[in-house]
Structures are given as C-alpha cells and as structure tokens.
Amino acid sequence: MIGVQLRRAGWLPGVSEADIQDRQTLTFPGLDVQIPRLTAEGLTAQVERIQAARDDYLARLPVRRIITLLDRVASRWLDPASPYRHEAERLLPLITGFAEPAIRKGLSAYLATLREENVLRLLEAELPEPAVLDRFAPRGRAGGETRAFGPRLTVHVWSGNVPGLPAQSLVSALLVKSASLGKVASEEPLFATLLAESIAEVDPRLAECLAVTYWPVGDAVVEPLAFGQADAVIAYGSERAMEHIRGRVPGHARFVAYGHKLSFGAIGREALSPERFADTVDRAAYDVAKYDQQGCLSPHLFYVESGGPASPREFAEALSGSLEGYAAGVPRGRLSLEEAASLATIRQRHELREVAGDTVALFSNNGGMVLFDTDATFQASCLNRAVWVKPVTDLVGDVPRLAGPVRRYLQTCGVAADAARARALAEMLGRLGLDRVCPLGRMADVAPTWHHDGRFALLELLRWTDLEPDATAGRWEFAHPDLGLYGATDLDPTPTFDTRRETDGC
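Throughout what follows, the structure given in this document is the object of discussion. (Residues numbered from 1 in each chain as written. Predicted model: local features only at pLDDT ≥ 70, side-chain atom pairs only at ≥ 80, totals over all residues. Heavy atoms only, no water.)

## As for the overall build of the protein chain
Looking only at helices and strands, the protein chain has 15 helices and 18 strands in total. Its C-alpha atoms give the protein chain principal-axis dimensions of roughly 95 × 65 × 40 Å. A sequence separation of at least 24 residues applies to 73% of the contacts in the protein chain between residues at least 6 apart. Carbon and sulfur atoms make up 52% of the accessible area of the protein chain, which amounts to about 23,200 Å² in all. Of the charged side chains in the protein chain, 55 are positive and 66 negative; the average position of the first set lies 2 Å away from that of the second. (Helix = DSSP H or I, 4+ residues; strand = E, 2+ residues; numbered from the N terminus. Contact = heavy atoms within 4.5 Å. Areas by Shrake-Rupley, 256 points an atom, 1.4 Å probe, with all protein chains shown as cover. Lys, Arg positive; Asp, Glu negative; His and termini not counted. Charge placed at Lys NZ, Arg CZ, Asp CG, Glu CD.)

Okay, here's the thing in structure tokens:
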C-alpha cells in the first residue's frame, strides 16, 4: 500500500527458514511490522542455541564486564545521532500512538537508568557482595562461602502499554547471566528488536544469548513449549493475562508476575501554600501527562487535603490549566475508538451529576479532563489524561482508609506533604500493601533500585549454593561406638527414630 512503511522485527540468532511457521504482520497507521513466528521445532532449536551461547559466553562473563557492555548499549541510545534512537522516535509514535516528544523524553529518562553507575547501584543494593554472581564468596559472620546462580533460560512476556518496558527485565536477566526468550506484545512489537540490535552492535556474542519473537496469546503448541523449557518466567499484563500464564508455567520454574496495579497522589494542605501551590500543581500535571497515565505508576486520582490556603476544587481547576500547558509541548496520544467512547461517557455522567446538583465540577480542555468530586471513594480513571480530584479532611487519617478497598492493587503514591506527615502516610500505606511512596512529580520516574511491585529485580531470579566450612568440632558424638547416625548399630540397619514424626518436605 502506498505510504505504508514496512519494518521487520524479531531477533532470532541462527534461525533458518525451516524454523519459521509464518511471518505475522501487525498493522499500525502508516506502518506494518512483520515478525517471524516459529514452529515448535524451530522454537526448540532457538532455545537450544541461546542456551548454548549463554553457557559458552554469558555464564563465564564477569558481572562487571556485563555492566560495562550495558553501559555501552545505553550510550548508543543516548547519543543524539543514534540510529536506534532515531528509528524509535520515528516509528514508535506510529505504533503506540504517543506523540514523538513523549517517546523522546520518556526513552531518554528511562535508558539513562541503564548507565553504569545506575546499574551498579541496583546490583549493590540487592547483592552487597556482587562477586557471588561470578564465584564463591565469603558469607561474613555466617561462615563459609556462597554462590548465586541465575536461570539458564528466562522467558519474558511483555505488555505494550509503555515503550521501553522490555529493557527492564532483559537487563535483570543479563545481570544474572540468563539466556532470554522474549515474546513481544502485538500492541508494541518493535522496541525489544531495536534493543537486541543495539546489543549486537556492542557485543555480537552477548546478543546470541537473546531471542525476540511473537506468538498469539494462548497458542496451544508454542506457548506451553516455551514456558516448559524456562527456569524463570517474567510477565507483564492484566490480571487475566497473569492467571492464564500462571496456569501454563511448570512448577519447577519461577514465575514473576507484574499484573494490574493502581497508583494515586496525596496532597497535604501545606503543599497548597502560595509559595508552593504552582509547583505542586505542575508536579501533579507531569505525573498525569507522562505516557497519558498508561503505566501502572501513573495516578488515577489525587486526594487533596481541605483546610489549606487553596481548596481542593481550586487545585482541580489549576491542574486542568497546567495539563493544557503540557499538551502544548507533549500532546496527548492517539485515542482508540473505545478510549474516546470511555472519555465521552465519563464526561457525560459527570455533567449530568453537576446538573442534578451533586457537589462535582468538570474542568476540561485540550490537555485533558479533571473531575472534581466530593465523594472520596477511591475511583479508577479511564486514563488518557483524565484524573479525579477528591477532598479529604485528614491526609494521614483518611487516605489509608479510602485506599483500603483496593489494597491488593496498590502500587505507588505520589505525596506532596511535609516530611513527617509523608513518612507517617508511607507507614500506613505500606501496611496496606502499597509498594512505593515518592515525591509528587516523580511517580513515573523510578530509581534504578526500586522494588517493582514490592520485589527485588535480581534476587527474585537467583538460587544459591552454599559452601560450608569444615565443622568437625561440631559433629555429633555417640555414647556407643557401634551406634550409627540414627542410633542403630552397624548390625541393625533399621533406624530407631519414630517414623510417625516424619513430615513432607523435611
């Protein structure tokens, strides 16, 4: 078709035509992305190749060398002349619908976390002695030595809501010296390919430890085969998707699921003072505008404390104006028919409530939609820069209670309050199950060391082997020289312990 670009995706080192079942074409406005789908035999052969490459090369690389290589990959992307950067900024807007400035700014911020100093911070935060990834290392006061081993194969199932997501799990797998088989999402099939290509430029042998492909969700042949060969599976997606995958992952494999989550903001009356008001509003608008709230870190609503220099309603009105300002530099992305219908429905309902005399207000412009509502019930947004603002009387006392009904989904709370109150709120929300409390304006900008969904990035993938010291002095001593380990003589092989006290798994 005239005017439609074609981009081939996927990364399959050593693949042959006989390994390929067909080439799936994923269609976007102005762009077709074509990606190979492997046969069952082809997938098995591909897994064998990347595992062999891992055994021969990646498993033998010092972790410090892996970090250096990742830093070089990040440098390629952060270079303004980078072909990978240019292609991502040109094609990802067509695929995702996000505006080019959103892609450009978002990828720059995220890929900077892959620089050497940031990866070292992650490694040292989780492994005080990173040498355990290379060799046996002393355990300190515990005595003896220990060694950490990553999975031989990690299978990644990526969602397509936020560009750049595959880098997070791929980097973790590389740091623990695991081969990786990645399944891209039909909504965003390109970034993982570009990342693999950039790794190949830096170190072709390292790229041979990776494979990027696609199969439809629920594929009855390839999907169970892929999961069945994995030592670990890392998956992103909806609750329904996580339950589906959980049912396919065998018992011997570790399953790390990043499912549906909800985030919100909490703003204290002190953050609404004349000298802080504009900054507070700008921070909240940034959190809403970044990737149009499509990530789990983005706020669905802001709880705003009453009784301050500015009211929660005044905050909502100012937030609407700030969102309009952000839209001038980073426009809202393309809406699907379903998304547009959802926005229209919620607007209509809010307008009807306002006409009926409910204490609500709607502030809407090209920058988004701010829905003020005195009903403080926790309410999820329809996203795409539509956000609730709800007043509370006592920030620390009310917010945890209101968030309680959705506690299993809580992820991030962006807070604008004095340090002591922010800490008290974090304590209460942490007890509920919230994973992260951060300053307002930093909700979607995580630190390299953050605990995603309350977990470690690397420790979740590791198993340990301990090398214990000679403990001759601590051996059991027996009263009779003929007694064996269980109190039986050498002539009587029957142990004397009570078998009724055995327990499974001991």
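After that view, the rundown keeps rolling.
## Things to note about the environment of Tyr303
Looking at the element boundaries, Tyr303 is found in strand S12 (residues 299-305). Linking Tyr303 and Arg135, residues 168 residues apart in sequence, is a C-alpha distance of 50 Å. The contact partners of Tyr303, leaving out residues within four places of it in the chain, are Phe264, Gly265, Ala266, Ile267, Ala376, Thr377, Phe378, Lys390, Val392, Leu395, Val399 and Leu402.

## A look at unusual backbone geometry
A positive phi is found at Leu383, a non-glycine position, where the angle reads about 70°. Considering the arrangement of structural elements, one finds Leu383 in the loop between strand S14 (368-373) and strand S15 (386-392). Phi at Asp453 takes a positive value of approximately 55°, unusual for a residue other than glycine. Along the chain, Asp453 turns up in the loop between strand S17 (436-439) and strand S18 (463-467). Asp453 sits in the buried class, given a relative accessible area of 12%. (Buried < 20%, exposed > 50% of the residue type's maximum accessible area, 1.4 Å probe, protein only.)

## Let's talk about the state of the cysteines
Within the structure shown, the criterion is met by zero disulfides. With no disulfide partner, Cys296 has as its closest neighbouring cysteine sulfur the one in Cys438, 14 Å distant. (Disulfide = S-S within 2.5 Å.)

## Structural notes on the packing of helix H2 (residues 63-78) against helix H3 (residues 83-96)
Close contact between H2 and H3 brings their axes to 6 Å; oriented N to C, the two are set at 55°. In terms of their interaxial angle, H2 and H3 are classed as oblique. Taking contact as the criterion, the partners of Arg76, Trp77 and Leu78 in H2 are, on H3, Tyr84, Arg85 and Ala88. Within the contact of H2 with H3, the residues separate by chemical class into four nonpolar, no polar and two charged. (Axes fitted to C-alpha atoms, helices over the stretch in contact; angles between N-to-C directions. Parallel < 35°, antiparallel > 145°, perpendicular 65-115°, else oblique. Nonpolar A, V, L, I, M, F, W, Y, C, P; charged D, E, K, R; others polar.)

## A closer look at the sheet that holds strand S2 (residues 20-28)
Across the sheet, which stays open at both edges, the three strands sit in the order S1-S3-S2 with mixed pairing between neighbours. The open sheet has two edge strands, strand S1 (5-8) and S2, and neither has a second partner. Direction aside, neighbouring strands of the sheet carry axes that sit 25° apart on average. Bridging between S2 and strand S3 (residues 31-38) involves eight bridges; their strand directions are antiparallel. (Pairing = 2+ DSSP bridges.)

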